[in-house]
Amino acid sequence: MKFSEMPYERPDYERVNERFASLLTRFKAAESLDECLDVYREYDEYSQNIESAFTIAMIRNSLNTADEFFEAEKAYIDETMPKLAEVMQEFTKALLTSPYRNDLEARWGSLMFDNAELTLKTFKPAIIEDLQKENKLVTEYDKLIASAQIDYDGKKLTLAQMRPYYERPDRAEREAAMRSAAAWYMGNSERLDSLYGELVKIRTGIAGKLGYENFVELGYYRMRRNGYDREAVAKFRDAVAKHIVPLASRLKAEQARRIGVDSIRVYDDAFTFPDGTPKPTGTPEEIFAHGKKMYHELSGETAEFIDFMLKNGLFDVLSRPGKAAGGYCATIPAYKSPFIFANFNGTSGDIDVLTHEAGHAFASHVGRD
């Protein structure tokens, strides 16, 4: 099904919560492995339907943060998801303590249960209001960034639409473009600083209520870092400082000599060669046509993937006013569909983002059954 045709209906909190509670009661009362499996499959399917509705609303909100309907739906989701987390957490506990856990683990593998253990570390009912506030702050930040309108080059441009000017051959033009974008940030610095401060405070408070010294450990659990911890990352960080930073410094020095400047300034960073930074050529339609050809030449699986994505309108990658910043790959489980979001302006960095997110989407697509 095309993304534009996917229906959306707001999940009613009371009805959803009641259904989850009913499924939880049945799961706990299961008297056989088969009954346990049947209830869990029912729970999983229902959860995926709710997740899909929320995901569709959040995608449509990010596509146009000025859309009043989906702005209201996003606010509803920000309030509702933390409340639903309570009964879903109880289901996670029931799964981990099920008398059939060994049988379930033999069927599904241990990763599901490892992640469930991490999930338990991220929530208590005492933080519901804090999670709602956190969601609201993040949504406000996204909307603020998306609202940027910068007067430059005789146009009104978003922050994403300013990026191609950072690759212009004329250094003065690159500097002017970046200063124009910076002026927008400075003009909104009071609210940006306030949002940052409020998020630090609320997240530190959440971590404290969950028994952690600060947000760092909780952050790892939220991201389901089940294969490494902060100590491993600290070693990696030290290795980056020792080996990668000196290399990067040499490369930047070479770039400075190559483009004829004494040292690399922030407005030089994206300009890599005297004759211009490499960038995609052709219209977006031509670029997608080349991408389709590449995926068809790679394998039958990748050909099926790209055809599915293009046929169903599961890319939205061109910059426009009101669109949220950044890029992501979302999954809509009810339709077994990934969705790729980006802000494409024809820079080399855009291709990097698209390639990265397409990798996530392909992994999601091949595992959809």
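Reading guide: rules and limits
Residues numbered from 1 in each chain as written. Predicted model: local features only at pLDDT ≥ 70, side-chain atom pairs only at ≥ 80, totals over all residues. Heavy atoms only, no water. Helix = DSSP H or I, 4+ residues; strand = E, 2+ residues; numbered from the N terminus. Buried < 20%, exposed > 50% of the residue type's maximum accessible area, 1.4 Å probe, protein only. Contact = heavy atoms within 4.5 Å. Areas by Shrake-Rupley, 256 points an atom, 1.4 Å probe, with all protein chains shown as cover. Lys, Arg positive; Asp, Glu negative; His and termini not counted. Charge placed at Lys NZ, Arg CZ, Asp CG, Glu CD. Expected span 1.5 Å × (residues − 1). Arc of directions from axis to C-beta. Polar contact = N/O pair within 3.5 Å; in protein donor to acceptor, adjacent residues only side chain to side chain. Axes fitted to C-alpha atoms, helices over the stretch in contact; angles between N-to-C directions. Parallel < 35°, antiparallel > 145°, perpendicular 65-115°, else oblique. Left-handed = near helix turned anticlockwise from the far one by under 90°. Nonpolar A, V, L, I, M, F, W, Y, C, P; charged D, E, K, R; others polar. Core = buried A, V, L, I, M, F, W, Y, C linked by side-chain atoms within 4.5 Å. Pairing = 2+ DSSP bridges. Phe/Tyr/Trp six-rings, centres within 6.5 Å; stacked < 30°, edge-to-face > 60°. Lys NZ or Arg CZ within 6 Å of the ring centre and 35° of its normal. Salt bridge = Lys/Arg side-chain N within 4 Å of Asp/Glu carboxyl O.

Q: Just to check I follow, could you spell out the overall build of the protein for this structure?
A: Looking only at helices and strands, one finds 13 helices and five strands in the protein. Projected onto its principal axes, the C-alpha positions of the protein cover 75 × 50 × 45 Å. Burial status across the protein gives 39% buried among its 369 residues. Considering only contacts within the protein whose residues lie at least 6 apart along the sequence, 66% involve residues at least 24 apart. Counting every atom, the protein has about 20700 Å² of accessible surface; 54% of that belongs to carbon and sulfur. Treating the 49 positive side-chain charges of the protein as one cloud and the 60 negative ones as another, the clouds have centres 3 Å apart.

Q: In this structure, what is going on with helix 8 (residues 189-209)? I would like to understand it.
A: Residues that lie three or four places apart on an α-helix share one face, since the helix turns once every 3.6 residues. With 21 residues, helix 8 ought to run about 30 Å at 1.5 Å a step, and its terminal C-alpha atoms sit 30 Å apart, in line with that. Those residues of helix 8 not exposed but buried are Leu-192, Leu-195, Leu-199, Ile-202, Ile-206 and Ala-207. Viewed along the axis of helix 8, the buried residues span an arc of 140°, placing them on a single side of the element. Projecting away from the buried face of helix 8 at angles above 90 degrees are the exposed residues Glu-190, Asp-193 and Lys-201. Once helix 8 ends, the next one or two residues include Gly-211, with phi positive near 95°.

Q: Before we go on, may I ask you to explain the side chain of Glu-73 in this structure?
A: Structurally, Glu-73 can be placed in helix 3 (residues 68-96). Those residues in contact with Glu-73 that sit more than four places away from it in its chain are Tyr-8, Arg-10 and Ala-57.

Q: I'm lost on the side chain of Ser-98 in this one. Help?
A: Relative to the helices and strands, Ser-98 is located in the loop between helix 3 and helix 4 (101-108). Side-chain polar atoms of Ser-98 contact the backbone nitrogen of Tyr-100, separated by 3.0 Å. Sequence-distant contacts of Ser-98, defined by excluding residues within four places in its chain, comprise Phe-27, Cys-36 and Leu-104.

Q: I tried to follow the packing of helix 2 (residues 33-63) against helix 4 on my own but got confused; where do I start?
A: What describes two packed helices is the angle between their axes and the distance between those same axes. Close contact between helix 2 and helix 4 brings their axes to 10 Å; oriented N to C, the two are set at 60°. The orientation of helix 2 with respect to helix 4, classified from their angle, is oblique. Like other packed secondary-structure pairs, helix 2 and helix 4 cross with a definite hand, here right-handed. Across from Leu-33, Cys-36, Leu-37, Tyr-40 and Arg-41 in helix 2, the residues of helix 4 making contact are Asp-103, Leu-104, Arg-107 and Trp-108. Split into classes, the residues belonging to the contact of helix 2 with helix 4 amount to six nonpolar, no polar and three charged.

Q: Help me out: how do you make sense of the nonpolar core in this one?
A: Among soluble globular proteins, nonpolar side chains are generally buried collectively. If you look at the biggest cluster of nonpolar residues, it comprises 54 residues, and the most contacted ones within it are Phe-3, Phe-27, Leu-104 and Phe-339. The element best represented in this core is helix 2, accounting for 14 residues. Residues contacting Phe-339, with those up to four places away along its chain left out, are Phe-3, Ile-59, Leu-63, Gly-313, Leu-314, Phe-315, Asp-316, Tyr-328, Cys-329, Ala-330 and Ile-332. Membership of the second largest hydrophobic core comes to 20 residues, among which are Leu-144, Ala-177, Leu-192 and Ile-202.

Q: How should the pairing of strand 4 (residues 328-332) be read in this particular structure?
A: Two faces belong to every sheet, and in a regular strand the side chains alternate between them. In the sheet, strand 4 pairs with strand 5 (residues 337-344) via five bridges, with the strands oriented antiparallel. Across the sheet, Ala-330 pairs through a bridge with Phe-339, a residue of strand 5. The loop that links strand 4 with its antiparallel partner strand 5 comprises four residues; one of these, Lys-336, has a positive phi angle of about 50°.

Q: Just checking my understanding: could you explain the environment of Met-223 for this structure?
A: Within the fold, Met-223 resides in the loop between helix 9 (215-222) and helix 10 (230-259). Between the alpha carbons of Met-223 and Arg-60 there is a distance of 24 Å; along the sequence they are 163 residues apart.

Q: Looking at this model, I keep getting lost on the sheet that holds strand 4. Mind explaining?
A: The strands that make up a sheet are held in pairs by hydrogen bonds between backbone atoms, and each pair lies either parallel or antiparallel. Spatially, three strands are ordered 3-5-4 in an open sheet, and the strand pairing comes out mixed. Both edges of this open sheet fall to strand 3 (315-318) and strand 4, since each of them pairs with a single strand only. Taken over all neighbouring pairs, the strand axes of this sheet differ in orientation by 15° on average, direction set aside. Packing of helix 12 (residues 300-311) onto the sheet brings it into contact with strand 3 and strand 5, and relative to strand 5 it is tilted by some 70°.

Q: For this particular structure, what's the right way to read the packing of aromatic side chains?
A: Between two aromatic rings, the relevant description is the distance of the centres plus the angle of the planes. This model, assessed by the stated rule, comprises 18 aromatic pairs. With a centroid separation of 5.7 Å and an interplanar angle of 55°, the aromatic rings of Tyr-295 and Phe-305 are classed as tilted. Within this pair, whereas Tyr-295 is found in helix 11 (residues 284-298), its partner Phe-305 is found in helix 12, the two being separated by ten residues in sequence. Ring-pair connections join several aromatic residues into one group, and the members of that group are Phe-20, Phe-27, Tyr-40, Tyr-43, Tyr-46, Phe-91 and Trp-108. In this structure, Lys-83 is placed above the aromatic ring of Tyr-13, and the distance from its NZ or CZ to the ring centre is 4.2 Å. The cationic tip of Arg-258 hangs over the ring face of Phe-273; the distance from NZ or CZ to the ring centre is 4.4 Å.

Q: How should I be thinking about the pattern of salt bridges in this particular structure?
A: As a working rule, side chains carrying opposite charge can pair if their charged atoms are close by. In the structure shown here, the tally under the stated rule is 25 salt bridges. Between Asp-316 and Lys-323 there is a salt bridge, with its nearest N and O atoms 2.7 Å apart. Take Asp-316: its relative accessible area is 17%, and that puts it in the buried class.

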